[in-house]
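Now for the letters of each chain:
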Amino acid sequence: FSGPRVFYRTMDLGLAEDHFSRPVGSFVASDIEQLKQAIGECKKLILELPEHSERQKDTVVKLIHLRLKLQELKDPEEDEPNLRVILEHRFSKEKSKSVKQTCDKCSAIIWGLIQTWYTCTGCYYRCHSKCMNLITKPCVRSKVSHQSEYELSICPEIGLDRQDYRCAECRTPISLRGVPTEARQCDYTGQYYCSTCHWNDTAIVPARVIHNWEFEPRKVCRSSLRYLALMMSRPVLKLKEINPLLFNFVEELVEIKKLRQDILLMKPYFLTCKEAMEARLLLQLQDRQHFVENDDMYSLQDLIDISSGRLSCSLTEIHTIFAKHIKLDCERCQAKGFVCELCKEGDILFPFDSHTSVCQDCSAVFHRDCYYDNSTTCPRCARMTERKQDDEPYEKGAEHQK
């Protein structure tokens, strides 16, 4: 074999791609004629390569796959539907032939060039067509939709004996000694699984974050991995109830809580401001919609971003943009500010200013030094009470005349 070596590309078979060399340019074997030509080139190369060499062995394997693909194109599997529903999984037939995946059911490689495979559009469970009737685990998307809560105990183990020494998912016999199959523990559920259902994937476990502020990824089973991925951005953690002491030890949480409280105080200004609605300012928080609805619910992604410092930076920037609109850019919003009725001095006050206090009854705003810890009587509340007392005789007289 002589002449310049040019790489001949076929579809990815999960093997090295330098298996053909001809000075005829490169092309993708994607139809019958190209496959026939690729098979011919492959046969010639096998004869030209050194006997029993690793390169010759690889080329033989590729020749087998090319022939299988040619047979598939000549006699396609027309009975394979594009959509299949099994145990609430909505499986969509994959068209990609070049991406190498692993089957979630049998743990074997999916050879896209010669095998039909499906992906669940809900939980992204992937499997061979031949494995679909063997699936026993329902789609975790339905669990997220109906249950939508985390296991909040750290690795709640019950023991292999309580599992009858069987995989918690597929019921395959397992043991810690690896006979007949190795038992692998999932740090999220605390249960043990076989190597087919537990691939030693790692994920951040919510219980460890909430109780220990620990973000080190732990080994979890496949179903837990998918469930945690789908739950990642769901605001289902009410930290104040689950672990209120966390706010005493994590300063970043206190900072984020204050920023969120301020944003909720800014929200009414935007809802009644035409310019703010046109600028769609609140959409800057569209990825964390719960931030404009409450100040106490968190997603696991929120806590991860708080720990890394990313959330503090982004939320501070949004807070600055919101405050600038209300206090500087918009006259309509500025007109809704307050003057401290206790000292009648200083600039216009807003409830989200750091140096102010807000009356819990009427929402009037004062300087914090003037109205410290609500120990001072609120002038606005006093006027409202006096007005109500003045109106009572008239109301009683009207009722008596009736």
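What you are looking at is a predicted structure, and each value in this text was computed from that prediction instead of being measured.

Moving on, we get to the overall build of the protein chain. When helices and strands are counted, the protein chain shows 13 helices and 14 strands. Taking all 402 residues of the protein chain together, 42% fall into the buried category. Counted over contacts in the protein chain with a minimum sequence separation of 6, partners at least 24 positions apart contribute 55%. Carbon and sulfur atoms provide 50% of the accessible area of the protein chain, an area that totals close to 22900 Å².

Looking now at unusual backbone geometry. With an omega of 0°, the peptide bond running from Val179 to Pro180 counts as cis. On the secondary structure map, Pro180 appears in the loop between helix 3 (140-146) and strand 7 (184-185). One non-glycine residue, Leu87, adopts positive backbone phi at about 50°. Position of Leu87 among the secondary structure elements: in the loop between strand 1 (83-86) and strand 2 (89-93). For Leu87, a relative accessible area of 41% puts it in the partly exposed group. Although it is not a glycine, Ser363 adopts a positive phi angle of roughly 70°.

In this section: the packing of aromatic side chains. Both the distance between ring centres and the angle between the ring planes are used here to describe each pair of aromatic rings. Throughout the structure, instances matching the rule amount to 7 aromatic pairs. Both rings, one in Trp213 and one in Phe215, keep their centres 5.0 Å apart while their planes meet at 85°; by these two values the pair is edge-to-face. Overall, the relative accessible area of 18% leaves Phe215 in the buried class. Ring centres of Phe350 and Phe352 lie 5.6 Å apart, and the angle between their planes is 20°; on these two criteria the pair is classed as stacked. Taking the relative accessible area as the measure of exposure, Phe350 reaches 3% and is therefore buried. The exposure class of Phe352 is buried, given its relative accessible area of 4%. Directly above the aromatic system of Trp199 lies the positively charged group of Arg222, at a separation of 3.9 Å from the ring centroid. Over the face of the ring belonging to Tyr298 we find Arg260, whose NZ or CZ atom lies 4.7 Å from the ring centre.

Pairing within the open sheet is antiparallel, and its 4 strands lie in the order 1-2-5-6. At either end of the open sheet lies a strand with only one pairing partner, and these are strand 1 and strand 6 (126-128). Direction aside, the axes of adjacent strands within the sheet are offset by 30° on average. When strand 1 meets strand 2, the two strands line up antiparallel, connected through 4 bridges. The residue of strand 2 that forms the bridge with Leu83 is Ser92.

On to the environment of Cys273. For Cys273, the position within the fold is in the loop between helix 8 (251-271) and helix 9 (274-279). For Cys273, a relative accessible area of 1% translates into the label buried. In sequence terms Cys273 and Glu331 are 58 residues apart; their C-alpha atoms lie 9.9 Å from each other. Leaving out residues up to four positions away in the same chain, Cys273 has contacts with His325, Cys330 and Cys333.

Within the secondary structure, Asn294 sits in the loop between helix 9 and strand 12 (297-298). Filtering out sequence-adjacent residues up to four positions away, Asn294 remains in contact with Arg260 and Leu264. For Asn294, the side chain forms a polar contact with the main-chain nitrogen of Met297, separated by 3.1 Å.

For the rest of this paragraph, the subject is the pairing of strand 2. Between the end of strand 1 and the start of strand 2, which pair antiparallel, lie 2 residues, with Leu87 showing a positive phi angle near 50°. One ladder, built from 3 bridges, connects strand 2 with strand 5 (residues 117-120); its direction is antiparallel. By the bridge assignment, Lys93 is partnered in strand 5 with Tyr118.

Before going further, it helps to examine the packing of helix 8 against helix 11 (residues 310-329). Interaxial distance between helix 8 and helix 11 falls to 10 Å at its minimum, and their mutual angle equals 30°. If you check the angle between helix 8 and helix 11, you find them roughly parallel. The handedness of the crossing between helix 8 and helix 11 comes out as left-handed. Together, Glu255, Ile256, Leu259, Arg260, Asp262, Ile263, Met266, Tyr269 and Phe270 of helix 8 and Leu311, Ser312, Leu315, Thr316, His319, Phe322, Ala323, His325 and Ile326 of helix 11 make up the contact between the two elements. The residue makeup of the contact of helix 8 with helix 11, split by class, is 11 nonpolar, 4 polar and 3 charged.

Attention now moves to a nonpolar patch on the surface. Where nonpolar side chains cluster on the molecular surface, the patch consists of Val60, Ile64 and Leu68 and spans about 240 Å² of accessible area. In this fold, Leu68 is placed in helix 2 (residues 54-74). Leu68 sits in the partly exposed class, given a relative accessible area of 44%.

In this section: the environment of His211. Inspection of the secondary structure puts His211 in helix 4 (residues 206-212). We classify His211 as partly exposed; its relative accessible area is 35%. His211 has contacts with Leu152, Ile154, Ile242 and Asn243, leaving out every residue within four places of it along the chain.

Criteria and cut-off values
- Residues numbered from 1 in each chain as written.
- Predicted model: local features only at pLDDT ≥ 70, side-chain atom pairs only at ≥ 80, totals over all residues.
- Heavy atoms only, no water.
- Helix = DSSP H or I, 4+ residues; strand = E, 2+ residues; numbered from the N terminus.
- Buried < 20%, exposed > 50% of the residue type's maximum accessible area, 1.4 Å probe, protein only.
- Contact = heavy atoms within 4.5 Å.
- Areas by Shrake-Rupley, 256 points an atom, 1.4 Å probe, with all protein chains shown as cover.
- Phe/Tyr/Trp six-rings, centres within 6.5 Å; stacked < 30°, edge-to-face > 60°.
- Lys NZ or Arg CZ within 6 Å of the ring centre and 35° of its normal.
- Pairing = 2+ DSSP bridges.
- Axes fitted to C-alpha atoms, helices over the stretch in contact; angles between N-to-C directions.
- Polar contact = N/O pair within 3.5 Å; in protein donor to acceptor, adjacent residues only side chain to side chain.
- Parallel < 35°, antiparallel > 145°, perpendicular 65-115°, else oblique.
- Left-handed = near helix turned anticlockwise from the far one by under 90°.
- Nonpolar A, V, L, I, M, F, W, Y, C, P; charged D, E, K, R; others polar.
- Patch = residues over 30% accessible without salt bridge, like charges linked within 9 Å, V, L, I, M, F, W, Y side chains within 5 Å.
- Salt bridge = Lys/Arg side-chain N within 4 Å of Asp/Glu carboxyl O.

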